[in-house]
Amino acid sequence: MTIAPHPLVVRTQELADRLLAPQAARVDLAEVPVSHVAEIRRSGLLGVSAPPEYGGAGAPDSVAREVQEILAGACCSTWFVQTQHHTPVRLLAKSQLPVRERLLRPLAAGELLAGIAYAHVRAFPRVPVRATAERDGWRFDGTVPWYTGWGLNDVMLLAGVTDSDEIVFAFADAREQPGVRASEPMRLAALTAARTVSLELAGLWLPGESVVLRTQQEKFALVDLPRSTNASPAVFGVTYAALRVLESSGEGATAQEIRGQVDEVRRRAYELADHPVAHERVEERLALRTRSYDLMRAATTAAVVAGGGRTMDVRHPAQRLVREGMFLLVQGQTSVVRRAHLHALTDLRES
């Protein structure tokens, strides 16, 4: 019996085919347009994992992963802007603090788009952003090295570390204001279109009711472990997109051979992602993540080789996918992931 795809998956594929993929080359050379974000807001995709009682779809993780795959394969820059939104939504859904009632419904409905400014806490014991209790609220000082979606997002989830190694997560308006200064948009080798800046924080004060979570650094590191060690749906999305380019170049047999390997790694990786104990089987998760990188590199390289000299045109999808793949190698990278990946790369043997 054939199982019909989830309505959000159908909607995502329609959006990808109609808008995102046809304009991906243009977006790559410019920036993610407000019109793309407006379409994402209207689509219902921003609430894919949000509770139904707050206007979300409450879809299973398998659906959320498939949505992210499709978006990343169609336009990785647009994917990267919107993917920031889902962590704040999930965090609010688990919170019992007052900010949940203020923000969860508009975020689930796409009335507000959220970004994230907390990846720097993974650098601990370095503390790029310090949080200090002050006047019934929190003061944030330091540098957020990477913030994506500047000028597109409405709110940001900001984190800082206290002197007692507690991490404070709070929501702030995603705009320049007293205590917040943004750099010029960064020119990157890939995904410049995603509007990434750094943020200088100098005494940004947020009220206590903006806080969504306070947790000790050690506890956060344990909860955060599967986020960084699981294989990313975006990697599979870019890989499948490259295989479609390879097929269009007349290399269907090569594409089929790689696809069979990708399908198996994807199946095993997603089984582990659904494992009831998220921080177990870390070595296996890392091995599958690394293998997914290998297959992405094989698929994107094959697309370039099959296309020949034409792929050097900056508008050609093959070289864009290579650059997007390079970005995904380091996106969300931690020291644990880096060590595992470098070990795999130095373990190459002659076949």
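For the structure itself, consult the block above.
Quick look at the structure, then. (Residues numbered from 1 in each chain as written. Predicted model: local features only at pLDDT ≥ 70, side-chain atom pairs only at ≥ 80, totals over all residues. Heavy atoms only, no water.)

## Digging into helix 9 (residues 252-273)
Then comes step 1: Here helix 9 is 22 residues long and its end C-alpha atoms lie 30 Å apart, about the 32 Å a rise of 1.5 Å per residue gives.
Then comes step 2: Here helix 9 has its buried residues at Ala-255, Ile-258, Val-262, Val-265, Ala-269, Tyr-270 and Leu-272. Within helix 9, the buried residues cover an arc of 135 degrees as seen down the axis, which keeps them to one side. Opposite the packed face of helix 9, turned more than 90 degrees from it, sit the exposed residues Ala-253, Gln-256, Glu-257 and Glu-271.
Then comes step 3: Where helix 9 is buried, its residues touch helix 3 (61-74), helix 8 (233-248) and helix 10 (282-307). (Helix = DSSP H or I, 4+ residues; strand = E, 2+ residues; numbered from the N terminus. Expected span 1.5 Å × (residues − 1). Buried < 20%, exposed > 50% of the residue type's maximum accessible area, 1.4 Å probe, protein only. Arc of directions from axis to C-beta. Contact = heavy atoms within 4.5 Å.)

## Concerning the packing of helix 8 against helix 11 (residues 317-330)
Then comes step 1: For the pair helix 8 and helix 11, interaxial distance at closest approach is 10 Å and the crossing angle is 160 degrees. As judged from the angle between their axes, helix 8 and helix 11 are roughly antiparallel. In this structure, helix 8 meets helix 11 at a crossing whose hand is left-handed. Between helix 8 and helix 11, the contacting residues are Ala-234, Val-235, Val-238, Ala-241, Ala-242 and Val-245 on the first element and Pro-317, Ala-318, Leu-321, Glu-324, Gly-325 and Leu-328 on the second. (Axes fitted to C-alpha atoms, helices over the stretch in contact; angles between N-to-C directions. Parallel < 35°, antiparallel > 145°, perpendicular 65-115°, else oblique. Left-handed = near helix turned anticlockwise from the far one by under 90°.)

## Points about the pattern of salt bridges
Then comes step 1: According to the stated counting rule, one finds 23 salt bridges in the structure shown.
Then comes step 2: The shortest N-O distance in the salt bridge between Glu-31 and Arg-195 comes to 3.1 Å. Here the residue Glu-31 occupies a position in the loop between helix 1 (7-28) and helix 2 (34-43), and Arg-195 occupies one in the loop between strand 6 (180-182) and strand 7 (196-207), the gap between them amounting to 164 residues.
Then comes step 3: We classify Arg-195 as buried; its relative accessible area is 14%.
Then comes step 4: Here Glu-134 ties to Arg-135 by a salt bridge, and the two come within 3.7 Å at their closest N and O atoms.
Then comes step 5: A relative accessible area of 26% places Glu-134 in the partly exposed class.
Then comes step 6: Note on Arg-135: relative accessible area 57%, which makes it exposed.
Then comes step 7: Here the salt bridges share partners, and the residues they tie into one network are Glu-14, Arg-18, Glu-39 and Arg-42. (Salt bridge = Lys/Arg side-chain N within 4 Å of Asp/Glu carboxyl O.)

## Side note on unusual backbone geometry
Then comes step 1: The linkage connecting Phe-124 with the following residue, Pro-125, adopts the cis geometry, with an omega of 20 degrees.
Then comes step 2: In this fold, Pro-125 is placed in the loop between strand 1 (114-117) and strand 2 (129-134).
Then comes step 3: The phi angle at Asp-136 is positive, at roughly 60 degrees, despite the residue not being glycine.
Then comes step 4: Mapped onto the elements of the fold, Asp-136 is located in the loop between strand 2 and strand 3 (137-148).
Then comes step 5: Not every positive phi belongs to a glycine, and Asp-165 is a case in point at roughly 65 degrees.
Then comes step 6: By the element assignment, Asp-165 lies in the loop between strand 4 (155-161) and strand 5 (166-173).

## Quick look at the nonpolar core
Burial of nonpolar side chains together is a common tendency in soluble globular proteins.
Then comes step 1: By size, the foremost hydrophobic cluster in this structure holds 62 residues, and its most contacted members are Trp-79, Phe-236 and Leu-328.
Then comes step 2: Only helix 1, helix 2, helix 3, helix 4 (76-83), helix 8, helix 9, helix 10 and helix 11 provide two or more residues apiece to this core.
Then comes step 3: With ten residues, helix 8 is the largest single contributor of residues to this core.
Then comes step 4: In contact with Trp-79, not counting residues within four places along its chain, are Gln-68, Leu-71, Ala-72, Ala-234, Leu-328 and Gln-331.
Then comes step 5: Grouped together as the second largest cluster of nonpolar side chains are 23 residues, Ala-50, Leu-107, Ala-108 and Val-121 included. (Core = buried A, V, L, I, M, F, W, Y, C linked by side-chain atoms within 4.5 Å.)

## Digging into the pairing of strand 3
Then comes step 1: Bridge count for strand 2 against strand 3 is six bridges, and the pairing is antiparallel. Residue Ala-133 lies in a different strand from strand 3, and its bridge partner there is Trp-138.
Then comes step 2: Hairpin connection of strand 2 to strand 3: two residues between the antiparallel strands, including Arg-135 at a positive phi of 50 degrees.
Then comes step 3: Relative to strand 7, strand 3 runs antiparallel, the two sharing ten bridges. (Pairing = 2+ DSSP bridges.)

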